[in-house]
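# Descriptive structure summary
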Amino acid sequence: MTFPEVHNQLFINGEWVDGSNEAVEVKNPSTGEVIGKIAQGGTKETAEAIAYAAGAFTSWSTTDPKERASVLHRIGTLIENNLDRLALIMTLEQGKPLSQSKAEVQSSADSFHWSAEEARRLYGRVIPAPNGQHFMTVHQPIGVVGAITPWNFPSNMIARKIAPALAAGCTVVLKPASATPYSALALAELFEEAGLPKGAANIIMGKSSDIGKELTSNDTVKKITFTGSTEVGQILNEQAASTLKKVSMELGGHAPFIVFDDADLDQAVSSLVRAKFRNNGQVCTCPNRIFVQKSVKQAFTEKLLVAMKDVKVGLGIEDETVGPLINEEAREHIEDQIKDATSKGATVLVGGKRPEDTKFANGPFYEPTVLDGVTSDMDIYYIETFGPVIPLIEFDTDDEVAEAANDTEFGLASYFFSKNIARISRFSAALEYGMVGVNSMAISQAETPFGGIKHSGFGRENGEEGIREYVYTKSVCMHD
Ligand code: NAP
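Residues numbered from 1 in each chain as written. Predicted model: local features only at pLDDT ≥ 70, side-chain atom pairs only at ≥ 80, totals over all residues. Heavy atoms only, no water.

## Let's talk about the overall build of the chain
Selection criterion: Helix and strand labels come from DSSP, where a helix needs a run of H or I of at least four residues and a strand needs a run of E of at least two; each type is numbered from the N terminus. All radius of gyration figures rest on C-alpha atoms, and the globule criterion is 2.2 Å times the number of residues raised to 0.38. When a residue's accessible area, from a 1.4 Å probe over protein chains only, is under 20% of the maximum for its type it is buried; when over 50% it is exposed; and in between it is partly exposed. Note on contacts: a residue pair qualifies if any of its non-hydrogen atoms lie within 4.5 Å across the two residues. Residue burial considers only the protein chains on display, and all accessible areas are found by Shrake-Rupley using a 1.4 Å probe. Counted as positive: Lys and Arg. Counted as negative: Asp and Glu. His and the chain ends are not counted at all. Taken as the charge centre is NZ of Lys, CZ of Arg, CG of Asp or CD of Glu, depending on the residue.
When you go through the chain residue by residue, the secondary structure sums to 15 helices and 22 strands. Computed over its C-alpha atoms, the radius of gyration of the chain comes to 23 Å, within 12% of the 23 Å expected for a compact globule of 480 residues. For the chain, the spread of C-alpha atoms along the principal axes amounts to about 70 × 60 × 40 Å. Evaluated residue by residue, the chain yields a buried proportion of 56% over its 480 residues. Counted over contacts in the chain with a minimum sequence separation of 6, partners at least 24 positions apart contribute 74%. Split by element, the accessible area of the chain, about 19,100 Å² in all, is 51% carbon and sulfur. Between the mean site of the 44 positive side-chain charges and the mean site of the 63 negative ones, the chain shows a separation of 3 Å.

Following this line, the structure appears as structure tokens:
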């Protein structure tokens, strides 16, 4: 499959420029083939991009909200018009099945359309004041934003940051993940085509620690927004403290998925299989610990094993249920967790090894796996898997599972299945997570706020909260 023509340079102030460091290869994880070479910048190019973004901020921040909204709508529409091309680029550089890439690209378009609408609704408030005085609040764009994004959703993680930042009137310098720069650059091509002013959105590739250091220490940058691992989030948060920036962090997760005895088991099984194997389990909100109540455990497991027969491995382009993992390190991490769990008594019911078909020999593929008898002494119980493994854990009582579900440093997404309204009310409150799905896995859409607590970070993307991450609130107090 030929890789589409996409720019491979840095995008600074509306120009495509080479970086001062040597270009690096990007590979298709399904086949190991090199799909291109990407320019690499560093501290110097990041500082330049920040300066251009600051220049662009002067006019973009004072552009009518309605005009900003129409540029963002144009970007959203261009993304939709280019959906097949953008999805192909994503599948070839990231590995996810083609239909999942299409769904992600559509969600990026949704983020731009949603943020365009929010640009016109960034209301402040009027506060009751003594006679002759007038108190109000207005939301001002915070300034230049530094954004860093991961490889698992190489388009939507960018859209969720750039769209609300631009909607608020901010300008952006973004560093995409090294594994997936083309999806970012293909979006930048559409920014140009939509007429986004030069310098309003800049894309820099290069050594992540150098770019991260410049973004976090440069005083011109007023906001850092990061999605990625908790470890890197902690580093960036510490670095950003020196210049007291506003920060939002979308970090790791370890979602519990609880099946109560009154659940619709067919609904729970089909929801679990769809959510667990989306993007091959490389999703921060992916169910990672599957708690099933003792009285329905056998029936649930039987239905799950039937559903697993339809879960197929394929090259990204073949559009089966799962593609490859992102790299060899990711596969070894999963193998270590399986080895640890089975050595402590867990049983592999399905999968648990690399696929044997020779067409998978050049990529980090792993068979979709069901692991039974998982207990709290196993690594997989506490450590994010980021891969296609369903670990089954049995529980007896509501109190026991509430405690177990919250027994993690993470607090991003959680799910439970029950048809009992009292239980639904109690558990929605009891789960210490930023998001709760009840009989549903659909917790991430443009309309609803997305984000975590505890070591999953802070700040929200999407919803009416999304745009507020890119403004500061100013009080205006007037006298007649
Ligand atoms: P990662 O290693 O933290 O990388 C994320 C981004 O940070 C990449 O662009 C990476 O650049 C960059 N980076 C790495 N080290 C850096 C440093 N010292 N300074 C500045 N930037 C640095 O995470 P990942 O492996 O790509 O993504 C997986 C993690 O992201 C998982 O833990 C997952 O749960 C989390 N995640 C969270 C959410 C959410 O919304 N909460 C969404 C998606 C993923 P390079 O690629 O160049 O190394």
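## Here we look at the site of the ligand
Note the cut-off: Proximity is defined per residue: any heavy atom of the residue falling within 4 Å of a molecule or strand makes that residue near it. Two N or O atoms form a polar contact when they lie within 3.5 Å of each other; inside protein one atom must be a possible hydrogen donor and the other a possible acceptor, and for residues adjacent in sequence the pair counts only when both atoms belong to side chains. In this classification, Asp, Glu, Lys and Arg are treated as charged, Ala, Val, Leu, Ile, Met, Phe, Trp, Tyr, Cys and Pro as nonpolar, and every other residue, Gly included, as polar.
Taken together, 28 residues lie around the ligand, and Thr149, Ser178, Ser229, Leu251 and Glu384 are the ones closest in. A distance of 2.7 Å separates an oxygen atom of the ligand from a polar backbone atom of Thr149. The backbone of Ser208 places a nitrogen or oxygen atom 3.5 Å from a nitrogen atom of the ligand. A total of 910 Å² of accessible area belongs to the ligand in isolation, and the protein chains cover 85% of it. When contributions to the shell around the ligand are tallied by element, the ones reaching two or more residues are α7 (208-217), β10 (221-227) and α8 (230-241). Here the shell around the ligand gets 3 residues from one element, more than from any other, and that element is α7. For the shell around the ligand, a count of residues per class yields 14 nonpolar, 11 polar and 3 charged.

## Observations regarding the sheet that holds strand β6 (residues 133-141)
Using the following cut-off: Criterion used throughout: strands pair if DSSP finds at least two bridges between them. Inter-axis angles, ranging from 0 to 180 degrees, are taken between N-to-C directions of lines fitted to C-alpha atoms, where helices are fitted over the stretch in contact.
Pairing is antiparallel across the open sheet formed by 3 strands, whose spatial order is β5-β6-β22. The sheet is open, and its two edges are formed by β5 (125-127) and β22 (471-479), each paired on a single side. When the angles between neighbouring strand axes are averaged without regard to direction, this sheet yields 25°. Sheet topology note: the β6/β22 ladder contains 9 bridges and is antiparallel. Directly across from His134, in β22, lies its bridge partner Met478.

## Examining the pairing of strand β11 (residues 246-250)
Heads up, the rule is: When the strands point away from the viewer, a crossover counts as right-handed if the path from the first strand over the helix to the second runs clockwise.
Across the 5 residues that make up β11, a large majority, 4, are buried. By the bridge criterion, 5 bridges tie β10 to β11 in an arrangement that is parallel. Looking at the pairing, Thr225 lines up with Ser248 of β11. In terms of handedness, the path from β10 via α8 over to β11 forms a crossover that is right-handed. Sheet analysis places β11 next to strand β21 (residues 457-458), joined by 2 bridges and oriented antiparallel. The partner of Met249 across the bridge, within β21, is Phe458.

## A word on the side chain of Thr137
Relative to the helices and strands, Thr137 is located in strand β6. The buried category is assigned to Thr137, whose relative accessible area is 8%. Contact partners of Thr137, with chain neighbours within four places excluded, come to Gly124, Arg125, Ile127, Thr473, Lys474 and Ser475.

## What about the sheet that holds strand β15 (residues 369-372)?
If you trace the 7 strands from one edge of the open sheet to the other, you get β14-β15-β16-β13-β12-β18-β19, paired in mixed fashion. Across the chains shown, the open sheet's two edge strands, defined by having one partner strand only, are β14 (347-350) and β19 (435-438). Each strand of the sheet is rotated relative to its neighbour by a mean of 25°, with strand direction disregarded. Where helix α9 (residues 265-277) meets the sheet, its contacts fall on β12 (255-259), β13 (287-293), β15, β16 (389-395) and β18 (413-417), and the angle it forms with β13 comes to roughly 165°. Along the sheet, helix α11 (residues 328-343) contacts β14, β15 and β16; its crossing angle with β15, the most-contacted strand, is approximately 25°.

## Brief notes about the nonpolar core
Rules: For the purposes of this section, nonpolar cores are sets of buried Ala, Val, Leu, Ile, Met, Phe, Trp, Tyr and Cys residues that join through side-chain atoms within 4.5 Å.
Among the nonpolar cores identified, the biggest contains 79 residues, and Ile79, Phe112 and Phe191 are the most heavily contacted of them. Leaving out residues up to four positions away in the same chain, Ile79 has contacts with Leu86, Val105, Ser108, Ala109, Phe112, Leu187 and Leu190. The next biggest cluster of nonpolar side chains, apart from the first, holds 35 residues, and it includes Leu265, Leu272, Val296 and Met435.

## Re the environment of Asp319
Relative to the elements of secondary structure, Asp319 occurs in the loop between α10 (294-307) and α11. The sequence separation of Asp319 and Ser99 amounts to 220 residues, and the corresponding C-alpha distance is 6.4 Å. Ignoring sequence-local partners within four residues, the contact set of Asp319 consists of Pro97, Leu98 and Ser99. Polar side-chain contacts of Asp319 include one of 2.8 Å to the side chain of Ser99.

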